[in-house]
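Secondary and tertiary structure notes
Here's the letter readout for the chains.
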Amino acid sequence: MIKKSKVSLPYITSYPEIATVLSLIDRETSFPWLANWFLQIEAYRHQEDGLLLDYCIPDPFTSCPWILYEKINRTFIQDRWTSVTDFMIDAVNNGKTASFVVDTSHISLYKKSFGYSGHTIMLYGYDTDKKLFYVGDNFAVSNKSFSFSTCPFEELESAYSGVTGTEGRIDWVHGVRLISPKTIFDHGHNQFYHKYNWIFSKELFIALVEDFLYSRNSTKWFSNPRLTYSEAEYYYGMDCISYVTGILQTLRGNPIDIRGIFLLKEYAELMDMRVSYLLGSHILHDNHLREIAEEVRENSRLFLMLSLKYNLTQKNLLWMQYFLDWKNFKRL
C-alpha cells in the first residue's frame, strides 16, 4: 500500500524546516506572505570562520496561515505506539506530514554528507510493500538542492532512535512536529471559509526593509519568534553582508561552508520575484528595479559558482572583485 501527502518543491530550500512547510502550500497564493516576511536575514556572531546565514522570520510552523500544526513529544509516541514506523504510518493516514530530528549517519541518503546527530528530516508518505518512507531534505552537504526521495523503514527507525546524548532532552524541544494544509479558515464572528488570501502589507514591508538597511533586529515584529536569543548575539541585514565580506577577505586555503552563500543566492532570487510581484501589483513603480534585481541575482549565482570553485581548488579567486554588489539593495 502506498500513501503520500501532496507536496511540491518550494521557493525556499535553504533549511529543511522552512522547506517542509512551504512544500505543502500553494505557491501562487502564498507568495504575498513570502514577499512580506522573507526580507530580513541574520547571522550568529560567534561562528569562528563559519558563513551560516538564516532568514530572520517568525516560526514557519506556527505563523504560516495555511498550515495546521501539532507537536507530539517522543515519550508519548513511545508509550502509545509499538514503533516509530507505526506512528509515522498512522500520521500519514491522518493526512499529516512529519518533521523531526534524526541522526543522519544511519540513513544512506546522506552518504555524501558528514552525518549529523541532530538534523531535521521531512516525512510525507510510505510504501508498506517496499517498506519505504517518502522523505524530503537537502540530503547531501555538497548538493544543497532540496529534493524528495525514499528511506527504508529500518534506517528511519535507527536514525530516529540514534538521537542521544542530550542529557535527557530526547524531545529536543520540538519532538515530532505534524503539519497539514488547512481546509477551513476561521475569519471571526462565526465566519468560516475554505480559503484565505494574505493581504500584502506595505507597512510591514517598509519596516523590514528599514531593518535590513540599518541592520536592526526584526524579531520585534513577531508574535511567535522561531528562536529565543540575545539581540547582541546576531548580525542583521547589511551587517550580515559585512560579516560575510570580512570572512572572505581572510581566506587562507581552507574550504568554506557554502550554505550561507547558497542562502544569499536564494535570497537574491526571491528578491527578483518580490520586485516583479510589487511592480505587477502597482505597489512600487519601475525605476530600473527589474534590471537591478536581475543584476543582483546574476551576481549571486556567479558568487556561488566561485565559492564552489574555491572549495575545489582552495585558491583565492579575488573574492572582493566578484562579491555581490549588495549596495544595489538600497536602490530597490
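Look up a bit, the structure's there.
Let me begin by describing the structure that accompanies this report. (Residues numbered from 1 in each chain as written. Predicted model: local features only at pLDDT ≥ 70, side-chain atom pairs only at ≥ 80, totals over all residues. Heavy atoms only, no water.)

1. Digging into the pattern of salt bridges
- For the structure shown, the criterion picks out 5 salt bridges.
- The partner of Glu70 in a salt bridge is Lys96, and the shortest N-O contact between them spans 2.6 Å. With Glu70 in strand S4 (residues 67-72) and Lys96 in the loop between helix H5 (84-93) and strand S5 (97-102), the pair connects residues that are 26 residues apart, well separated along the chain.
- Residue Lys96 is classed as buried on the basis of its relative accessible area, which comes to 16%.
- Each of the salt bridges in this network shares a partner with another, and the network as a whole consists of Glu210, Asp211, Arg216 and Lys220. (Salt bridge = Lys/Arg side-chain N within 4 Å of Asp/Glu carboxyl O. Helix = DSSP H or I, 4+ residues; strand = E, 2+ residues; numbered from the N terminus. Buried < 20%, exposed > 50% of the residue type's maximum accessible area, 1.4 Å probe, protein only.)

2. Concerning the packing of H5 against helix H6 (residues 153-161)
- Running from N to C, H5 and H6 cross one another at 110°; their axes reach a closest spacing of 9 Å. Between H5 and H6, the angle is such that the two are roughly perpendicular. Packed against H5, whose contacting residues are Val84, Thr85 and Ile89, the element H6 presents Phe153, Leu156, Glu157 and Tyr160 at the interface.
- In terms of residue class, the contact of H5 with H6 is made up of 5 nonpolar, 1 polar and 1 charged. (Axes fitted to C-alpha atoms, helices over the stretch in contact; angles between N-to-C directions. Parallel < 35°, antiparallel > 145°, perpendicular 65-115°, else oblique. Contact = heavy atoms within 4.5 Å. Nonpolar A, V, L, I, M, F, W, Y, C, P; charged D, E, K, R; others polar.)

3. Describing the environment of Leu34
- Among the secondary structure elements, Leu34 is positioned in helix H2 (residues 27-37).
- Sequence separation between Leu34 and Leu270 is 236 residues; the distance between their C-alpha atoms is 8.8 Å.
- In this structure Leu34 touches Tyr11, Ile12, Leu22 and Arg274, once residues within four positions along its chain are discounted.

4. Things to note about the pairing of strand S7 (residues 132-137)
- Counting buried residues in S7 gives 6 out of 6 residues, a clear majority hidden from the surface.
- Here S7 shows two buried faces, one formed by Leu132, Tyr134 and Gly136 and the other by Phe133, Val135 and Asp137.
- In this antiparallel pair of consecutive strands, strand S6 (residues 119-127) and S7, the connection spans 4 residues, and Lys131 shows a positive phi of 55°.
- As paired strands, S7 and strand S8 (residues 147-152) are joined by 6 bridges and run antiparallel to one another. In the sheet register, Leu132 faces S8, and the bridge partner there is Pro152. (Pairing = 2+ DSSP bridges.)

5. Details of the environment of Glu70
- Judged by relative accessible area, Glu70 falls into the partly exposed class, the value being 33%.
- Sequence separation between Glu70 and His174 is 104 residues, and the spatial gap between their C-alpha atoms is 10.0 Å.
- Not counting residues within four places of it along the chain, the set of residues in contact with Glu70 comprises Lys96, Val176, Arg177 and Leu178.

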